[in-house]
Amino acid sequence: MAGKPVLHYFNGRGRMECIRWLLAAAGVEFEEKFIGCPEDLEKLIKDGRLMFQQVPMVEIDGMTLVQTRSILNYIATKYNLYGKDAKERALIDMYTEGIFDLTEMMLPLVICPPDQREAKILLVKDKIKNRYLPAYEKVLKSHGQDYLVGNKLTRVDIHLLEVLLYVEELDSSLLAPFPLLKALKNRISSLPNVKKFLQPGSQRKPPINAKQIEEARKIFKF
Ligand code: GTS
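Sequence order sets the numbering: in each chain, residues are counted from 1 along the sequence as written. Selection of residues for local features in this predicted model requires a pLDDT of at least 70, selection of side-chain atom pairs for listing and counting requires 80 or more, and totals for whole chains, interfaces and linings are taken over all residues. To obtain the side-chain values, all non-hydrogen atoms of the structure were used and water was disregarded.

**Describing the nonpolar core**
Then comes step 1: With 68 residues, the main nonpolar core has Ile19, Ile128, Leu148, Leu160 and Leu181 as its most contacted residues.
Then comes step 2: Under the DSSP-based scheme used, a helix requires at least four consecutive residues in state H or I and a strand at least two consecutive residues in state E, with every element numbered from the N terminus. In terms of residues, this core owes the most to one element, helix H6 (residues 155-170), which gives 9 residues.
Then comes step 3: Note on definitions: a residue-residue contact is assigned when non-hydrogen atoms from the two residues lie within 4.5 Å. Not counting residues up to four positions away in its chain, the partners in contact with Leu181 are Leu133, Tyr136, Glu137, Leu140, Leu160, Leu164 and Leu175. Take the buried residues of types Ala, Val, Leu, Ile, Met, Phe, Trp, Tyr and Cys, join any two whose side-chain atoms come within 4.5 Å, and each joined set is a nonpolar core. When accessible area is computed with a 1.4 Å probe and restricted to protein chains, residues below 20% of their type maximum are described as buried, those above 50% as exposed, and intermediate ones as partly exposed.

**Section: the packing of helix H5 (residues 114-143) against H6**
Then comes step 1: To obtain each axis, a line is fitted to C-alpha atoms, and for helices this fit is confined to the stretch in contact; angles are then taken between N-to-C directions over 0 to 180 degrees. The N-to-C vectors of H5 and H6 enclose an angle of 145°; their axes lie 12 Å apart at closest approach. In this structure, the crossing between H5 and H6 has a hand that is left-handed. In this structure, H5 contributes Ile121, Val124, Lys125, Ile128, Leu133 and Tyr136 to the contact, and H6 contributes Leu160, Leu164, Val167 and Leu170.
Then comes step 2: Looking at the contact of H5 with H6, its residues break down into 9 nonpolar, no polar and 1 charged. Helix crossings fall into two classes, left-handed where the near helix is turned counterclockwise from the far one by less than a right angle and right-handed where it is turned clockwise. Residues are grouped as follows: nonpolar covers Ala, Val, Leu, Ile, Met, Phe, Trp, Tyr, Cys and Pro; charged covers Asp, Glu, Lys and Arg; every other residue, Gly included, is treated as polar.

**Thoughts on the site of the ligand**
Then comes step 1: The environment of the ligand is formed by Tyr9, Phe10, Arg15, Gln53, Gln54, Val55, Pro56, Gln67, Thr68 and Phe220.
Then comes step 2: Between N or O atoms, a polar contact is any pair within 3.5 Å; within protein, one atom must be a potential hydrogen donor and the other a potential acceptor, and residues adjacent in sequence are included only when both atoms are from side chains. The contact in question runs from an oxygen atom of the ligand to an N or O atom on the side chain of Gln54, over 3.1 Å.
Then comes step 3: When the free accessible area of the ligand is taken as 550 Å², the share hidden by the protein chains comes to 72%.
Then comes step 4: In the shell around the ligand, the residues fall into 5 nonpolar, 4 polar and 1 charged. Consider each residue's heavy atoms; a residue with any of them within 4 Å of a molecule or strand counts as near. What sets the accessible areas is the Shrake-Rupley method with a 1.4 Å probe; for residues, cover comes only from the shown protein chains.

**Considerations on the sheet that holds strand E4 (residues 63-66)**
Then comes step 1: Two strands are counted as paired when DSSP detects at least two bridges linking them. Spatially, 4 strands are ordered E2-E1-E3-E4 in an open sheet, and the strand pairing comes out mixed. In this open sheet, the two strands that pair with only one neighbour each are strand E2 (31-34) and E4. Within the sheet, the average angular offset between the axes of one strand and its neighbour, ignoring direction, is 20°.
Then comes step 2: Where strand E3 (residues 57-60) meets E4, 4 bridges bridge the pair, whose relative direction is antiparallel. In the strand pairing of E4, Val58 is matched with Leu65.
Then comes step 3: Docked against the sheet, helix H1 (residues 17-25) engages strand E1 (6-9), E2 and E3, running at close to 165° with respect to E1.
Then comes step 4: Here helix H3 (residues 68-78) sits on the sheet in contact with E3 and E4, set at roughly 125° to E4.

**Topic: the environment of Thr154**
Then comes step 1: Mapping Thr154 onto the fold places it in the loop between H5 and H6.
Then comes step 2: Classification of Thr154 as buried rests on a relative accessible area of 2%.
Then comes step 3: In sequence terms Thr154 and Lys43 are 111 residues apart; their C-alpha atoms lie 36 Å from each other.
Then comes step 4: Apart from the residues lying within four places of it in its own chain, the contact partners of Thr154 are Leu81, Gly83, Ile92 and Val149.

**Structural notes on the packing of H6 against helix H7 (residues 179-189)**
Then comes step 1: At a minimum axis distance of 10 Å, the contact between H6 and H7 shows a crossing angle of 115°. Taken together, H6 and H7 sit at an angle that is classed as roughly perpendicular. The element H6 and its partner H7 pack so that their crossing is left-handed. Contacts from Asp157, Ile158, Leu160, Leu161, Leu164, Leu165 and Glu168 of H6 reach H7 at Leu181, Leu184, Lys185, Ile188 and Ser189.
Then comes step 2: For the contact of H6 with H7, a count of residues per class yields 8 nonpolar, 1 polar and 3 charged. Each angle is binned into one of four classes, with values under 35 degrees roughly parallel, values over 145 roughly antiparallel, values of 65 to 115 roughly perpendicular, and all other values oblique.

**Remarks on H3**
Since there are 3.6 residues in each turn of an α-helix, residues three or four apart along the chain are aligned in direction.
Then comes step 1: Listed in full, the buried residues belonging to H3 are Thr68, Ile71, Leu72, Ile75 and Ala76. Here the buried residues of H3 occupy an arc of 130° about the axis, which is enough to place them on one side.
Then comes step 2: Contacts from the buried residues of H3 go to H1, E3, E4, helix H4 (86-106) and H6.
Then comes step 3: Where H3 terminates, the next one or two residues include Asn80, which has phi positive at roughly 55°. For this quantity, the arc is that covered by the directions from the helix axis to the C-beta atoms.

This is the structure:
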């Protein structure tokens with residue numbers, strides 16, 4: 001029997017968090033090897049284990065996978081979280097890309113200089129309220145089903161829940177005008193595997209703090 005997947009990344013959310021979420025939602029236990037200093041990353045590179053000298057890297061089913069989207073695609077396919085046909089998959093991909101755009105837009109807020117932070121937050125909140133959340137609310141309203149695609153849990157419901165929690169961390173009132181999204185959030189949160197991942201003590205990571213940003217800067221030289 002294949003062992004648990006092993007995740008290589010720093011001990012923070014970053015690009016690995018959506019992979020942690022997807023594995024947890026699929027009920028897959030995983031191990032983590034944290035990169036804590038530049039030497040840890042250099043060793044992985046020297047050993048030829050990082051195709052593009054970058055992480056996230058996941059050891060799974062005898063493969064050494066890099067590139068976040070490829071890793072997610074593999075997990076979603078393996079655990080039947082990727083729709084039933086090409087059309088469902090196209091929708092799942094399209095909705096997923098919107099979620100990644102939204103997540104990427106929120107990420108720089110944590111490293112934004114304090115004097116620019118307020119203005120940036122206003123811009124991001126405007127996009128959340130007027131572009132992204134209405135789009136997903138509209139999808140749910142259009143078919144009246146419990147999940148975004150195919151009336152069955154797929155990876156995109158998990159990605160959406162994750163980003164909705166980040167939106168709430170930014171401003172808990174942002175979800176108020178979107179009743180279908182709130183209902184989806186509650187529904188997905190109460191699925192047993194997800195509920196477990198939401199409990200304290202799970203491998204879910206807290207918001208990144210200033211110390212971790214400094215550590216990540218040293219390791220990844222950004
Ligand atoms: N396209 C890649 C992916 O999606 O996995 C990008 C990976 C990436 O840029 N990783 C950064 C890295 O390893 C770390 S982080 O941005 O995710 O924190 N950087 C080192 C380098 O030399 O590029």
